[in-house]
Amino acid sequence: MTEIVFRYIHFIGIMSLASVLVMQHLILSAQVTQQELKKIIFLDVIYGISAMLALIAGLILWLSVGKDASFYSTNWIFHVKLTLFIIMALLSIYPTKFYRKSQKLDQDVVEMPKMVIMLVRMQLLLVFIIPLLGVLIARG
């Protein structure tokens, strides 16, 4: 039963991560209002919580619950999945910093750099590749 609970938590983390990225992407444009920026920042907080939820549940599944840790540790696809997750987390740093910095400015409209939009799109791509790798791992 413990394994099922952690697998479900891991699944919820991944699904909410993907949902938040889609919502952010729908709001992002070349110019956003302060109200839209507040929504993006709120979603960014949810993104961080979702990522931590997926990561912690995933680590628990890897190291203590379910299949033996060597099943994952010796699987090259698992290492690719973990690396892509880390890359996804790293890609989120610049947009998060930009959102926070822009919130402090007293502007009605914020110019969104193309780099921020591109980084969110890259995260979206990765968040849809990572579950595929999970399926491949599960299939052995």
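Along each chain, the written sequence defines residue order, and numbers are assigned to residues from 1. In keeping with the predicted nature of the model, local features appear solely for residues at pLDDT of at least 70, side-chain atom pairs appear and are counted solely at 80 or more, and the whole-chain, interface and lining totals rest on all residues. Only hydrogens and water are removed before side-chain values are computed, so all heavy atoms of the structure are retained for them.

### Structural notes on the overall build of the chain
Stage number 1. Counting its secondary structure elements, the chain contains six helices and two strands.
Stage number 2. For the chain, the sequential pattern of α-helices and β-strands runs α-β-α-α-α-α-β-α.
Stage number 3. Along the first, second and third principal axes, the C-alpha set of the chain runs to 55 × 25 × 20 Å.
Stage number 4. Counting all 140 residues of the chain, 38% fall into the buried class.
Stage number 5. Only heavy atoms enter the contact rule, under which two residues are in contact if any of them lie within 4.5 Å. The long-range share in the chain, meaning contacts at least 24 apart out of those at least 6 apart in sequence, stands at 78%.
Stage number 6. Looking at the chain as shown, the accessible area adds up to about 8500 Å², and 71% of this sits on carbon and sulfur atoms. Each helix is a run of H or I in the DSSP string that is no shorter than four residues. Each strand is a run of E no shorter than two, and both are numbered from the N terminus. The classification of residues rests on relative accessible area computed with a 1.4 Å probe and restricted to protein chains. Under 20% of the type maximum is buried, over 50% is exposed, and intermediate values are partly exposed. Residue burial considers only the protein chains on display, and all accessible areas are found by Shrake-Rupley using a 1.4 Å probe.

### Describing the side chain of serine 50
Stage number 1. Secondary-structure assignment places serine 50 in helix H2 (residues 34-63).
Stage number 2. When sequence neighbours within four positions are dropped, the list of residues in contact with serine 50 reads Gly13, Ser16 and Leu17.

### Focus on the environment of phenylalanine 6
Stage number 1. Along the chain, phenylalanine 6 falls in helix H1 (residues 2-27).
Stage number 2. Taking the relative accessible area as the measure of exposure, phenylalanine 6 reaches 22% and is therefore partly exposed.
Stage number 3. Phenylalanine 6 sits 50 residues away from isoleucine 56 along the chain, and the two C-alpha atoms are 9.3 Å apart.

### Regarding helix H5 (residues 93-104)
An α-helix turns once per 3.6 residues; consequently, residues spaced three or four apart project the same way.
Stage number 1. Its 12 residues give H5 an end-to-end C-alpha distance of 17 Å, which sits within 8% of 16 Å, the value for a rise of 1.5 Å per residue.
Stage number 2. Taken as a whole, H5 has its buried residues at Pro95, Phe98, Tyr99 and Ser102. Buried residues of H5, seen end-on, are gathered within an arc of 100 degrees and therefore sit on one face of the element. Along H5, exposed side chains directed more than 90 degrees from the buried face belong to Lys97, Lys101 and Lys104.
Stage number 3. Elements in contact with the buried residues of H5: H1, H2, helix H4 (76-91), strand S2 (109-111) and helix H6 (114-139). Helices are assigned an expected span. That span is 1.5 Å times one less than the residue count. In this context, the arc is that of the directions from the helix axis out to the C-beta atoms.

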